[in-house]
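# Chains, contacts and geometry: an overview
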Amino acid sequence: MTDLPDLLKADNQQPARTIHLVDAESHDAWLAAQPAPLRAMVAAQKFKGKAHEFAILPGGGADDWWVVAGVADRAALGPWCLAKLAEALPEGSYRLADSAAGAAALGWLTAQYRFDRYRKEDSAPAPRVLLTGDVARIEATVQLAQAVALVRDLVNTPAADMGPPDLEAAALAVGKAHGASVSVTKGDALEQGYPMIHAVGKAADKGFAPRLIELVWGDPAHPRIAIIGKGICFDSGGLDIKPSSGMRLMKKDMGGAAHALALAQLIMGARLPVRLHLLIPAAENAISGNAFRPGDILRTRQGLTVEIGNTDAEGRLVLGDALTRAVEETPELIVDFATLTGAARVALGPDLPALFANDDVLATDAAAAAMEVDDPLWRLPLWDGYADMLKSDIADINNAGEGGFAGAITAALFLKRFVPEGTPWLHLDTFAWRPSAKPGRPKGGEALGLRAMFRLLQQRYGRGG
(Lines give C-alpha, C1' and ligand atoms only; values in the text may rest on other atoms or scores of the structure.)
Protein backbone atom coordinates (compact mmCIF):
# COMPACT_ATOMS: atom_id res chain seq x y z
CA MET A 1 0.00 0.00 0.00
CA THR A 2 1.15 3.54 -0.78
CA ASP A 3 2.35 5.40 2.29
CA LEU A 4 -0.55 7.65 3.27
CA PRO A 5 1.49 10.64 4.45
CA ASP A 6 2.93 10.89 0.91
CA LEU A 7 -0.54 11.46 -0.56
CA LEU A 8 -1.40 14.70 1.28
CA LYS A 9 1.25 17.42 1.22
CA ALA A 10 1.65 21.12 1.91
CA ASP A 11 1.12 23.28 -1.16
CA ASN A 12 4.39 25.12 -1.78
CA GLN A 13 3.44 25.98 -5.36
CA GLN A 14 5.08 22.87 -6.72
CA PRO A 15 3.85 21.68 -10.15
CA ALA A 16 0.35 20.19 -10.00
CA ARG A 17 -2.84 19.81 -12.03
CA THR A 18 -5.75 22.00 -11.04
CA ILE A 19 -9.16 20.68 -9.99
CA HIS A 20 -12.14 23.05 -10.36
CA LEU A 21 -15.21 22.06 -8.35
CA VAL A 22 -18.79 22.74 -9.41
CA ASP A 23 -22.14 21.74 -7.96
CA ALA A 24 -25.70 21.77 -9.25
CA GLU A 25 -26.09 25.44 -8.43
CA SER A 26 -22.89 26.62 -10.10
CA HIS A 27 -22.61 24.18 -13.01
CA ASP A 28 -24.64 26.04 -15.63
CA ALA A 29 -22.92 29.36 -15.03
CA TRP A 30 -19.50 27.70 -15.11
CA LEU A 31 -20.31 25.90 -18.36
CA ALA A 32 -21.63 29.06 -20.03
CA ALA A 33 -18.37 30.84 -19.24
CA GLN A 34 -16.25 28.24 -21.07
CA PRO A 35 -15.25 28.60 -24.73
CA ALA A 36 -17.13 26.52 -27.26
CA PRO A 37 -14.39 23.87 -27.76
CA LEU A 38 -14.31 23.16 -24.00
CA ARG A 39 -18.10 22.98 -23.85
CA ALA A 40 -17.93 20.39 -26.60
CA MET A 41 -15.36 18.36 -24.68
CA VAL A 42 -17.48 18.56 -21.54
CA ALA A 43 -20.47 17.25 -23.48
CA ALA A 44 -18.37 14.48 -25.04
CA GLN A 45 -17.36 13.28 -21.58
CA LYS A 46 -21.00 13.49 -20.43
CA PHE A 47 -20.10 15.71 -17.51
CA LYS A 48 -23.17 17.36 -15.97
CA GLY A 49 -21.74 18.46 -12.63
CA LYS A 50 -23.20 15.64 -10.55
CA ALA A 51 -21.37 14.34 -7.49
CA HIS A 52 -18.42 12.06 -8.35
CA GLU A 53 -18.47 13.01 -12.05
CA PHE A 54 -15.41 14.60 -13.59
CA ALA A 55 -13.95 15.63 -16.94
CA ILE A 56 -10.36 16.17 -18.04
CA LEU A 57 -9.94 19.32 -20.16
CA PRO A 58 -6.99 20.74 -22.10
CA GLY A 59 -4.98 23.72 -20.92
CA GLY A 60 -2.77 26.11 -22.84
CA GLY A 61 0.31 23.90 -23.31
CA ALA A 62 0.93 20.67 -25.17
CA ASP A 63 1.03 18.66 -21.94
CA ASP A 64 -1.25 20.93 -19.96
CA TRP A 65 -4.64 19.76 -18.73
CA TRP A 66 -6.95 20.33 -15.77
CA VAL A 67 -9.96 18.71 -14.15
CA VAL A 68 -13.51 19.82 -13.48
CA ALA A 69 -15.35 17.74 -10.90
CA GLY A 70 -18.86 17.65 -9.52
CA VAL A 71 -19.64 17.72 -5.81
CA ALA A 72 -22.88 17.90 -3.87
CA ASP A 73 -22.08 21.28 -2.30
CA ARG A 74 -18.94 23.30 -3.02
CA ALA A 75 -19.40 25.22 0.23
CA ALA A 76 -19.50 22.13 2.45
CA LEU A 77 -17.25 19.35 1.25
CA GLY A 78 -17.86 16.02 2.96
CA PRO A 79 -15.32 13.23 3.47
CA TRP A 80 -16.12 11.44 0.21
CA CYS A 81 -16.43 14.39 -2.23
CA LEU A 82 -12.96 13.92 -3.74
CA ALA A 83 -12.70 10.17 -3.28
CA LYS A 84 -13.71 9.22 -6.82
CA LEU A 85 -11.04 11.56 -8.21
CA ALA A 86 -8.38 9.93 -6.05
CA GLU A 87 -9.41 6.54 -7.41
CA ALA A 88 -9.69 7.47 -11.09
CA LEU A 89 -7.38 10.36 -12.03
CA PRO A 90 -3.99 9.67 -13.60
CA GLU A 91 -0.90 9.54 -11.44
CA GLY A 92 0.37 12.92 -10.33
CA SER A 93 -0.12 15.90 -8.04
CA TYR A 94 -3.29 17.98 -7.82
CA ARG A 95 -4.60 21.08 -6.07
CA LEU A 96 -8.08 22.54 -5.74
CA ALA A 97 -8.52 25.78 -7.65
CA ASP A 98 -10.50 27.93 -5.27
CA SER A 99 -11.44 25.99 -2.14
CA ALA A 100 -9.86 24.10 0.73
CA ALA A 101 -10.19 20.31 0.78
CA GLY A 102 -11.21 20.28 4.45
CA ALA A 103 -12.89 17.01 5.40
CA ALA A 104 -12.64 15.76 1.80
CA ALA A 105 -8.90 15.18 2.21
CA LEU A 106 -9.75 12.08 4.25
CA GLY A 107 -11.56 10.47 1.33
CA TRP A 108 -8.69 11.36 -0.98
CA LEU A 109 -6.45 9.22 1.25
CA THR A 110 -8.81 6.34 2.04
CA ALA A 111 -9.70 6.00 -1.66
CA GLN A 112 -6.11 4.96 -2.33
CA TYR A 113 -6.11 2.23 0.32
CA ARG A 114 -5.22 -1.18 -1.06
CA PHE A 115 -5.04 -4.46 0.82
CA ASP A 116 -2.09 -5.96 -1.02
CA ARG A 117 -0.60 -8.36 1.53
CA TYR A 118 -1.34 -11.35 -0.69
CA ARG A 119 -0.78 -9.72 -4.09
CA LYS A 120 2.29 -9.36 -6.28
CA GLU A 121 4.26 -6.19 -5.61
CA ASP A 122 3.56 -4.77 -9.07
CA SER A 123 -0.22 -4.64 -8.48
CA ALA A 124 -0.25 -1.30 -6.64
CA PRO A 125 -1.63 1.65 -8.65
CA ALA A 126 0.33 4.87 -9.02
CA PRO A 127 -0.27 7.48 -6.30
CA ARG A 128 -2.33 10.66 -6.65
CA VAL A 129 -1.06 13.43 -4.38
CA LEU A 130 -3.26 16.27 -3.10
CA LEU A 131 -1.60 19.58 -2.28
CA THR A 132 -3.26 21.69 0.38
CA GLY A 133 -2.72 25.10 1.89
CA ASP A 134 -4.42 23.96 5.09
CA VAL A 135 -1.16 22.64 6.50
CA ALA A 136 -2.40 22.53 10.10
CA ARG A 137 -4.92 19.79 9.22
CA ILE A 138 -2.54 17.46 7.41
CA GLU A 139 -1.28 15.48 10.42
CA ALA A 140 -4.73 14.92 11.93
CA THR A 141 -6.19 13.89 8.56
CA VAL A 142 -3.38 11.42 7.93
CA GLN A 143 -3.83 9.96 11.42
CA LEU A 144 -7.54 9.42 10.73
CA ALA A 145 -6.80 7.74 7.42
CA GLN A 146 -4.14 5.53 9.03
CA ALA A 147 -6.64 4.46 11.70
CA VAL A 148 -9.19 3.56 9.03
CA ALA A 149 -6.49 1.65 7.16
CA LEU A 150 -5.57 -0.23 10.36
CA VAL A 151 -9.16 -1.41 10.78
CA ARG A 152 -9.33 -2.47 7.15
CA ASP A 153 -5.99 -4.30 7.26
CA LEU A 154 -6.84 -6.23 10.42
CA VAL A 155 -10.33 -7.19 9.26
CA ASN A 156 -9.27 -8.11 5.73
CA THR A 157 -6.53 -10.46 6.94
CA PRO A 158 -7.66 -14.12 6.87
CA ALA A 159 -8.14 -15.81 10.22
CA ALA A 160 -5.14 -18.09 9.71
CA ASP A 161 -2.96 -14.98 9.88
CA MET A 162 -5.06 -12.96 12.33
CA GLY A 163 -5.53 -15.16 15.38
CA PRO A 164 -5.25 -14.08 19.02
CA PRO A 165 -1.43 -13.93 18.92
CA ASP A 166 -1.61 -11.71 15.84
CA LEU A 167 -4.03 -9.34 17.56
CA GLU A 168 -1.61 -9.30 20.46
CA ALA A 169 1.23 -8.40 18.09
CA ALA A 170 -0.84 -5.59 16.58
CA ALA A 171 -1.59 -4.17 20.02
CA LEU A 172 2.08 -4.42 20.99
CA ALA A 173 3.08 -2.53 17.83
CA VAL A 174 0.58 0.27 18.43
CA GLY A 175 1.52 0.45 22.10
CA LYS A 176 5.24 0.61 21.35
CA ALA A 177 4.74 3.42 18.85
CA HIS A 178 3.10 5.57 21.53
CA GLY A 179 4.91 4.54 24.68
CA ALA A 180 1.98 2.58 26.13
CA SER A 181 2.28 -0.48 28.36
CA VAL A 182 0.72 -3.72 27.14
CA SER A 183 -0.05 -6.79 29.26
CA VAL A 184 -1.53 -10.13 28.24
CA THR A 185 -3.38 -12.68 30.37
CA LYS A 186 -3.59 -16.25 29.05
CA GLY A 187 -3.24 -19.87 30.14
CA ASP A 188 -4.14 -20.77 33.73
CA ALA A 189 -4.41 -17.11 34.73
CA LEU A 190 -7.04 -16.57 32.04
CA GLU A 191 -8.99 -19.67 33.03
CA GLN A 192 -9.09 -18.59 36.66
CA GLY A 193 -9.59 -14.87 36.18
CA TYR A 194 -11.61 -14.64 32.97
CA PRO A 195 -13.57 -17.88 32.73
CA MET A 196 -15.86 -16.82 29.90
CA ILE A 197 -13.02 -15.73 27.63
CA HIS A 198 -11.29 -19.03 28.39
CA ALA A 199 -14.43 -21.10 27.74
CA VAL A 200 -15.09 -19.52 24.35
CA GLY A 201 -11.51 -19.98 23.14
CA LYS A 202 -10.40 -23.23 24.75
CA ALA A 203 -11.32 -25.44 21.77
CA ALA A 204 -8.91 -23.64 19.45
CA ASP A 205 -5.47 -24.91 18.55
CA LYS A 206 -2.85 -24.12 21.20
CA GLY A 207 -1.21 -21.68 18.82
CA PHE A 208 -4.46 -19.71 18.81
CA ALA A 209 -5.05 -19.87 22.57
CA PRO A 210 -7.42 -17.23 24.00
CA ARG A 211 -6.14 -14.21 25.89
CA LEU A 212 -7.06 -10.82 27.28
CA ILE A 213 -4.92 -8.03 25.84
CA GLU A 214 -4.72 -4.79 27.83
CA LEU A 215 -3.04 -1.52 26.87
CA VAL A 216 -2.68 1.38 29.31
CA TRP A 217 -1.53 4.89 28.34
CA GLY A 218 -1.68 8.44 29.62
CA ASP A 219 -1.37 10.40 32.82
CA PRO A 220 -3.02 8.57 35.76
CA ALA A 221 -4.32 11.95 36.95
CA HIS A 222 -6.39 12.38 33.77
CA PRO A 223 -9.96 11.04 33.39
CA ARG A 224 -9.94 7.29 32.90
CA ILE A 225 -11.72 5.83 29.87
CA ALA A 226 -12.05 2.20 28.82
CA ILE A 227 -12.21 1.13 25.17
CA ILE A 228 -13.17 -2.51 24.60
CA GLY A 229 -13.26 -4.50 21.35
CA LYS A 230 -14.63 -7.96 20.66
CA GLY A 231 -11.74 -10.04 19.33
CA ILE A 232 -13.30 -13.25 18.06
CA CYS A 233 -10.70 -14.01 15.40
CA PHE A 234 -12.89 -16.61 13.73
CA ASP A 235 -16.38 -17.74 14.64
CA SER A 236 -17.44 -21.19 13.54
CA GLY A 237 -20.51 -20.85 15.76
CA GLY A 238 -19.08 -23.50 18.05
CA LEU A 239 -21.16 -26.62 18.51
CA ASP A 240 -24.16 -24.59 17.33
CA ILE A 241 -22.25 -24.45 14.07
CA LYS A 242 -22.96 -21.84 11.46
CA PRO A 243 -23.83 -22.83 7.87
CA SER A 244 -21.01 -22.33 5.38
CA SER A 245 -22.62 -19.15 4.06
CA GLY A 246 -22.67 -17.68 7.56
CA MET A 247 -19.06 -18.68 8.22
CA ARG A 248 -17.64 -17.20 5.02
CA LEU A 249 -16.97 -13.72 6.48
CA MET A 250 -16.23 -14.72 10.04
CA LYS A 251 -12.64 -13.55 9.74
CA LYS A 252 -14.25 -10.14 10.38
CA ASP A 253 -15.62 -11.16 13.79
CA MET A 254 -12.62 -9.43 15.38
CA GLY A 255 -13.79 -6.17 13.79
CA GLY A 256 -14.67 -4.74 17.19
CA ALA A 257 -11.11 -5.29 18.36
CA ALA A 258 -9.82 -3.62 15.19
CA HIS A 259 -11.99 -0.57 15.88
CA ALA A 260 -10.94 -0.41 19.52
CA LEU A 261 -7.24 -0.63 18.65
CA ALA A 262 -7.60 2.01 15.93
CA LEU A 263 -9.43 4.32 18.33
CA ALA A 264 -6.67 3.84 20.89
CA GLN A 265 -4.14 4.76 18.20
CA LEU A 266 -6.07 7.96 17.45
CA ILE A 267 -6.36 8.88 21.13
CA MET A 268 -2.65 8.44 21.69
CA GLY A 269 -1.67 10.13 18.42
CA ALA A 270 -3.73 13.19 19.34
CA ARG A 271 -2.45 13.02 22.92
CA LEU A 272 -5.93 13.43 24.36
CA PRO A 273 -5.69 14.19 28.09
CA VAL A 274 -7.12 10.84 29.25
CA ARG A 275 -5.93 7.73 31.04
CA LEU A 276 -6.66 5.12 28.38
CA HIS A 277 -7.42 1.48 29.18
CA LEU A 278 -7.82 -0.65 26.05
CA LEU A 279 -9.12 -4.20 26.48
CA ILE A 280 -9.31 -6.84 23.74
CA PRO A 281 -10.65 -10.27 24.68
CA ALA A 282 -9.20 -12.39 21.88
CA ALA A 283 -10.34 -15.94 21.10
CA GLU A 284 -11.31 -18.28 18.30
CA ASN A 285 -14.72 -19.89 18.68
CA ALA A 286 -13.66 -23.29 17.39
CA ILE A 287 -14.97 -26.85 17.60
CA SER A 288 -13.22 -29.77 19.28
CA GLY A 289 -13.84 -32.31 22.00
CA ASN A 290 -13.42 -29.73 24.75
CA ALA A 291 -15.60 -27.01 23.22
CA PHE A 292 -18.16 -25.41 25.51
CA ARG A 293 -21.66 -26.78 24.97
CA PRO A 294 -25.27 -25.62 24.81
CA GLY A 295 -26.60 -26.09 28.32
CA ASP A 296 -23.27 -25.54 30.06
CA ILE A 297 -23.17 -23.12 32.98
CA LEU A 298 -20.26 -20.66 32.93
CA ARG A 299 -19.15 -18.59 35.87
CA THR A 300 -18.10 -15.06 35.01
CA ARG A 301 -15.35 -12.86 36.40
CA GLN A 302 -18.11 -10.78 37.99
CA GLY A 303 -19.56 -13.84 39.73
CA LEU A 304 -22.76 -14.23 37.72
CA THR A 305 -23.56 -17.62 36.26
CA VAL A 306 -24.51 -17.88 32.60
CA GLU A 307 -26.43 -20.72 30.99
CA ILE A 308 -25.33 -21.26 27.41
CA GLY A 309 -28.41 -21.19 25.25
CA ASN A 310 -26.37 -20.93 22.06
CA THR A 311 -22.61 -21.28 21.53
CA ASP A 312 -22.89 -18.88 18.59
CA ALA A 313 -23.72 -16.06 21.02
CA GLU A 314 -20.12 -16.04 22.21
CA GLY A 315 -19.11 -12.43 21.64
CA ARG A 316 -21.16 -11.17 24.55
CA LEU A 317 -19.48 -13.74 26.79
CA VAL A 318 -15.94 -12.50 26.19
CA LEU A 319 -17.12 -8.90 26.39
CA GLY A 320 -18.79 -9.59 29.75
CA ASP A 321 -15.48 -10.56 31.36
CA ALA A 322 -13.68 -7.63 29.67
CA LEU A 323 -16.34 -5.17 30.88
CA THR A 324 -15.91 -6.50 34.42
CA ARG A 325 -12.17 -5.94 34.24
CA ALA A 326 -12.66 -2.40 32.92
CA VAL A 327 -15.14 -1.53 35.68
CA GLU A 328 -12.62 -2.61 38.35
CA GLU A 329 -10.56 0.49 37.46
CA THR A 330 -13.58 2.82 37.86
CA PRO A 331 -13.57 4.51 34.45
CA GLU A 332 -15.71 7.57 33.86
CA LEU A 333 -16.65 6.29 30.39
CA ILE A 334 -16.75 2.89 28.68
CA VAL A 335 -17.03 2.41 24.92
CA ASP A 336 -17.21 -1.03 23.37
CA PHE A 337 -17.21 -2.11 19.72
CA ALA A 338 -18.47 -5.49 18.60
CA THR A 339 -19.65 -7.29 15.49
CA LEU A 340 -22.24 -8.71 17.83
CA THR A 341 -25.52 -9.52 16.11
CA GLY A 342 -27.02 -10.22 12.73
CA ALA A 343 -30.19 -8.65 14.11
CA ALA A 344 -28.54 -5.21 14.05
CA ARG A 345 -27.75 -5.69 10.37
CA VAL A 346 -31.29 -6.79 9.59
CA ALA A 347 -32.62 -3.69 11.34
CA LEU A 348 -30.11 -1.10 10.09
CA GLY A 349 -28.20 -2.60 7.17
CA PRO A 350 -24.44 -2.80 6.71
CA ASP A 351 -23.55 0.92 6.83
CA LEU A 352 -25.25 1.97 10.05
CA PRO A 353 -23.92 0.71 13.40
CA ALA A 354 -26.45 0.29 16.18
CA LEU A 355 -25.72 2.50 19.17
CA PHE A 356 -26.82 1.58 22.68
CA ALA A 357 -26.27 3.82 25.69
CA ASN A 358 -27.22 3.91 29.34
CA ASP A 359 -27.01 7.72 29.40
CA ASP A 360 -29.31 9.88 27.25
CA VAL A 361 -27.02 12.92 27.17
CA LEU A 362 -24.07 10.77 26.16
CA ALA A 363 -26.14 9.13 23.42
CA THR A 364 -27.24 12.53 22.08
CA ASP A 365 -23.65 13.76 22.06
CA ALA A 366 -22.49 10.61 20.27
CA ALA A 367 -25.16 10.95 17.59
CA ALA A 368 -24.28 14.61 17.04
CA ALA A 369 -20.57 13.80 16.75
CA ALA A 370 -21.38 11.06 14.24
CA MET A 371 -23.35 13.43 12.04
CA GLU A 372 -20.62 16.07 12.22
CA VAL A 373 -18.00 13.75 10.72
CA ASP A 374 -20.38 11.84 8.39
CA ASP A 375 -19.90 8.57 10.26
CA PRO A 376 -23.52 7.84 11.13
CA LEU A 377 -24.91 5.80 14.01
CA TRP A 378 -28.49 4.96 14.96
CA ARG A 379 -29.58 4.55 18.55
CA LEU A 380 -31.59 1.49 19.53
CA PRO A 381 -33.23 1.17 22.95
CA LEU A 382 -31.88 -0.66 25.97
CA TRP A 383 -35.42 -1.83 26.54
CA ASP A 384 -35.51 -3.41 29.99
CA GLY A 385 -38.85 -4.99 29.17
CA TYR A 386 -36.98 -7.53 27.08
CA ALA A 387 -34.67 -8.59 29.92
CA ASP A 388 -37.01 -11.50 30.66
CA MET A 389 -35.94 -13.03 27.34
CA LEU A 390 -32.55 -13.73 28.95
CA LYS A 391 -33.92 -15.54 32.00
CA SER A 392 -32.58 -18.95 32.90
CA ASP A 393 -34.24 -21.60 35.02
CA ILE A 394 -30.95 -22.75 36.53
CA ALA A 395 -28.51 -19.83 36.27
CA ASP A 396 -28.47 -16.07 36.79
CA ILE A 397 -28.84 -15.36 33.06
CA ASN A 398 -28.97 -17.07 29.66
CA ASN A 399 -26.68 -15.87 26.89
CA ALA A 400 -29.26 -16.17 24.12
CA GLY A 401 -32.65 -14.49 23.93
CA GLU A 402 -35.77 -16.56 23.43
CA GLY A 403 -37.77 -16.69 20.22
CA GLY A 404 -35.33 -14.85 17.98
CA PHE A 405 -36.88 -11.46 18.73
CA ALA A 406 -34.96 -8.20 19.35
CA GLY A 407 -31.59 -9.91 19.05
CA ALA A 408 -29.50 -6.72 19.07
CA ILE A 409 -31.36 -5.38 22.11
CA THR A 410 -31.15 -8.59 24.15
CA ALA A 411 -27.42 -8.81 23.38
CA ALA A 412 -26.96 -5.25 24.63
CA LEU A 413 -29.04 -6.05 27.73
CA PHE A 414 -26.73 -9.00 28.43
CA LEU A 415 -23.73 -6.64 28.34
CA LYS A 416 -25.55 -4.15 30.52
CA ARG A 417 -25.51 -6.68 33.35
CA PHE A 418 -21.74 -6.12 33.58
CA VAL A 419 -21.88 -2.30 33.71
CA PRO A 420 -22.70 -0.74 37.10
CA GLU A 421 -25.50 1.78 37.39
CA GLY A 422 -24.07 5.26 37.01
CA THR A 423 -21.11 4.33 34.79
CA PRO A 424 -21.62 5.97 31.36
CA TRP A 425 -21.40 3.32 28.65
CA LEU A 426 -21.73 3.20 24.88
CA HIS A 427 -22.06 -0.06 22.94
CA LEU A 428 -21.63 -0.08 19.14
CA ASP A 429 -22.93 -3.14 17.32
CA THR A 430 -21.04 -2.57 14.06
CA PHE A 431 -20.61 -4.61 10.88
CA ALA A 432 -16.92 -3.77 10.17
CA TRP A 433 -17.47 -4.75 6.55
CA ARG A 434 -18.53 -3.10 3.31
CA PRO A 435 -20.31 -5.57 0.98
CA SER A 436 -20.02 -3.28 -2.08
CA ALA A 437 -17.65 -0.46 -2.94
CA LYS A 438 -18.38 3.25 -2.73
CA PRO A 439 -16.02 6.14 -3.52
CA GLY A 440 -13.26 6.09 -0.91
CA ARG A 441 -14.65 2.94 0.64
CA PRO A 442 -13.63 -0.30 -1.09
CA LYS A 443 -15.36 -3.61 -0.60
CA GLY A 444 -14.04 -5.42 2.46
CA GLY A 445 -13.12 -4.51 6.00
CA GLU A 446 -14.37 -1.09 7.03
CA ALA A 447 -14.29 1.33 9.94
CA LEU A 448 -17.88 2.13 10.90
CA GLY A 449 -18.36 4.25 14.01
CA LEU A 450 -14.63 4.80 14.58
CA ARG A 451 -14.50 8.46 13.52
CA ALA A 452 -17.75 9.18 15.36
CA MET A 453 -16.34 7.93 18.65
CA PHE A 454 -13.08 9.80 18.17
CA ARG A 455 -14.93 13.05 17.54
CA LEU A 456 -17.01 12.45 20.66
CA LEU A 457 -13.85 11.98 22.73
CA GLN A 458 -12.25 15.07 21.19
CA GLN A 459 -15.27 17.12 22.16
CA ARG A 460 -15.56 15.58 25.61
CA TYR A 461 -11.90 15.99 26.54
CA GLY A 462 -11.17 19.23 24.80
CA ARG A 463 -8.22 18.62 22.51
CA GLY A 464 -7.94 18.07 18.80
CA GLY A 465 -11.51 19.14 18.00
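Here's what I pulled together on the structure shown here. (Residues numbered from 1 in each chain as written. Predicted model: local features only at pLDDT ≥ 70, side-chain atom pairs only at ≥ 80, totals over all residues. Heavy atoms only, no water.)

## Comments concerning the overall build of the protein chain
The number of helices and strands found in the protein chain is 15 helices and 20 strands. Relative to the 2.2 N^0.38 estimate, which gives 23 Å for 465 residues, the radius of gyration of the protein chain is 24 Å and therefore close to what a compact globule would have. Along the first, second and third principal axes, the C-alpha set of the protein chain runs to 80 × 50 × 45 Å. For the protein chain, buried positions account for 55% of its 465 residues. The contacts of the protein chain with a sequence gap of at least 6 include a subset with a gap of at least 24, amounting to 76%. Of the roughly 19,200 Å² of accessible surface on the protein chain, 52% is carried by carbon and sulfur atoms. The distance from the centre of the 47 positive side-chain charges to the centre of the 55 negative ones in the protein chain is 3 Å. (Helix = DSSP H or I, 4+ residues; strand = E, 2+ residues; numbered from the N terminus. Rg over C-alpha atoms; globule rule 2.2 N^0.38 Å. Buried < 20%, exposed > 50% of the residue type's maximum accessible area, 1.4 Å probe, protein only. Contact = heavy atoms within 4.5 Å. Areas by Shrake-Rupley, 256 points an atom, 1.4 Å probe, with all protein chains shown as cover. Lys, Arg positive; Asp, Glu negative; His and termini not counted. Charge placed at Lys NZ, Arg CZ, Asp CG, Glu CD.)

## Some details on the packing of helix 13 (residues 360–372) against helix 15 (residues 450–461)
Relative to each other, helix 13 and helix 15 sit at 115 degrees, their axes nearing to 8 Å. Crossing of helix 13 against helix 15: the hand is right-handed. Contacts from Leu 362, Asp 365, Ala 366, Ala 369, Ala 370 and Glu 372 in helix 13 reach Ala 452, Met 453, Arg 455, Leu 456, Gln 459 and Arg 460 in helix 15. In terms of residue class, the contact of helix 13 with helix 15 is built from 7 nonpolar, 1 polar and 4 charged. (Axes fitted to C-alpha atoms, helices over the stretch in contact; angles between N-to-C directions. Left-handed = near helix turned anticlockwise from the far one by under 90°. Nonpolar A, V, L, I, M, F, W, Y, C, P; charged D, E, K, R; others polar.)

## A closer look at the sheet that holds strand 17 (residues 397–398)
Pairing is mixed across the open sheet formed by 3 strands, whose spatial order is 12-13-17. Of all the strands in the sheet, the pair left with one neighbour each is strand 12 (297–299) and strand 17. Sheet analysis places strand 13 (residues 305–307) next to strand 17, joined by 2 bridges and oriented parallel. Paired with Val 306 across the strands is Ile 397, a residue of strand 17. (Pairing = 2+ DSSP bridges.)

## Comments concerning the sheet that holds strand 2 (residues 17–22)
The strand order 1-6-5-2-4-3 describes an open sheet built from 6 strands, whose pairing is mixed. For this open sheet the edge positions go to strand 1 (8–10) and strand 3 (54–58), each flanked by a neighbour on one side alone. Adjacent strand axes in the sheet meet at a mean angle of 30 degrees, parallel and antiparallel pairs treated alike. Bridge analysis of strand 5 (residues 92–96) against strand 6 (residues 128–132) gives 4 bridges, and the strand direction is parallel. Residue Gly 92 lies in a different strand from strand 6, and its bridge partner there is Arg 128. Across the sheet, helix 2 (residues 36–44) lies against strand 3 and strand 4 (65–70), angled at about 145 degrees from strand 3, the strand it touches most.

## A word on the pairing of strand 18 (residues 425–429)
Regular strands show a simple pattern: their side chains alternate between the two faces of the sheet. Counting buried residues along strand 18, 5 of its 5 residues qualify, which places the element largely inside the surrounding structure. Residues Trp 425, His 427 and Asp 429 line one face of strand 18 and the alternating positions Leu 426 and Leu 428 line the opposite face, and both faces are buried. Taken together, the 5 bridges between strand 14 (residues 333–338) and strand 18 define a ladder with parallel strand orientation. Bridging from a neighbouring strand, Ile 334 pairs with Trp 425 of strand 18. Bridge count between strand 15 (residues 354–357) and strand 18: 4 bridges; the pairing is antiparallel. Across the sheet, Leu 355 pairs through a bridge with Leu 428, a residue of strand 18.

## A look at the packing of aromatic side chains
Scanning the entire structure with this criterion turns up 6 aromatic pairs. Both rings, one in Phe 115 and one in Tyr 118, keep their centres 6.0 Å apart while their planes meet at 55 degrees; by these two values the pair is tilted. Judged by its relative accessible area of 44%, Tyr 118 is partly exposed. Ring plane angle 50 degrees and centroid distance 5.5 Å describe the contact between Phe 414 and Phe 418, whose orientation is recorded as tilted. In this structure, Phe 414 and Phe 418 share a single accessibility class: buried. (Phe/Tyr/Trp six-rings, centres within 6.5 Å; stacked < 30°, edge-to-face > 60°.)

## A short note on the nonpolar core
If you look at soluble globular proteins, the nonpolar side chains tend to sit buried side by side. Judged by nonpolar contacts, the single largest core of 59 residues is most densely connected at Ile 227, Ile 267, Leu 426 and Met 453. Of all the elements, helix 10 (residues 255–269) adds the most residues to this core, at 10 residues. The next biggest cluster of nonpolar side chains, apart from the first, holds 45 residues, and it includes Ala 338, Leu 340, Ala 354 and Leu 380. (Core = buried A, V, L, I, M, F, W, Y, C linked by side-chain atoms within 4.5 Å.)

## Looking at the environment of Pro 90
Among the structural elements, Pro 90 can be located in the loop between helix 3 (83–88) and strand 5. Using a relative accessible area of 36% as the deciding quantity, one classes Pro 90 as partly exposed. The residues contacting Pro 90, other than those within four sequence positions of it, are Ile 56, Trp 65 and Arg 128.

## Things to note about the environment of Leu 450
Here Leu 450 shows up in helix 15. Taking the relative accessible area as the measure of exposure, Leu 450 reaches 0% and is therefore buried. C-alpha separation for the pair Leu 450 and Ile 397, spaced 53 residues apart in sequence, amounts to 31 Å. When sequence neighbours within four positions are dropped, the list of residues in contact with Leu 450 reads Ala 147, Val 148, Val 151, His 259, Ala 262, Leu 263, Leu 266, Phe 337 and Asp 375.

## Some thoughts on the packing of helix 10 against helix 15
When two helices pack together, you describe them by how their axes are tilted relative to each other and by the distance separating the axes. Contact geometry of helix 10 with helix 15 gives a least axis separation of 10 Å together with a crossing angle of 35 degrees. Of the two possible hands of crossing, helix 10 and helix 15 adopt the one that is right-handed. Across from His 259, Ala 262, Leu 263, Leu 266 and Ile 267 in helix 10, the residues of helix 15 making contact are Leu 450, Met 453, Phe 454 and Leu 457. In terms of residue class, the contact of helix 10 with helix 15 is made up of 8 nonpolar, 1 polar and no charged.

## Quick notes on the pairing of strand 14
Along strand 14, 6 of the 6 residues are buried, which leaves the element largely enclosed by surrounding structure. The alternating pattern of strand 14 places Leu 333, Val 335 and Phe 337 on one face and Ile 334, Asp 336 and Ala 338 on the opposite face, and all of these are buried. Relative to strand 14, strand 9 (residues 224–229) runs parallel, the two sharing 5 bridges. Looking at the pairing, Ala 226 lines up with Ile 334 of strand 14.

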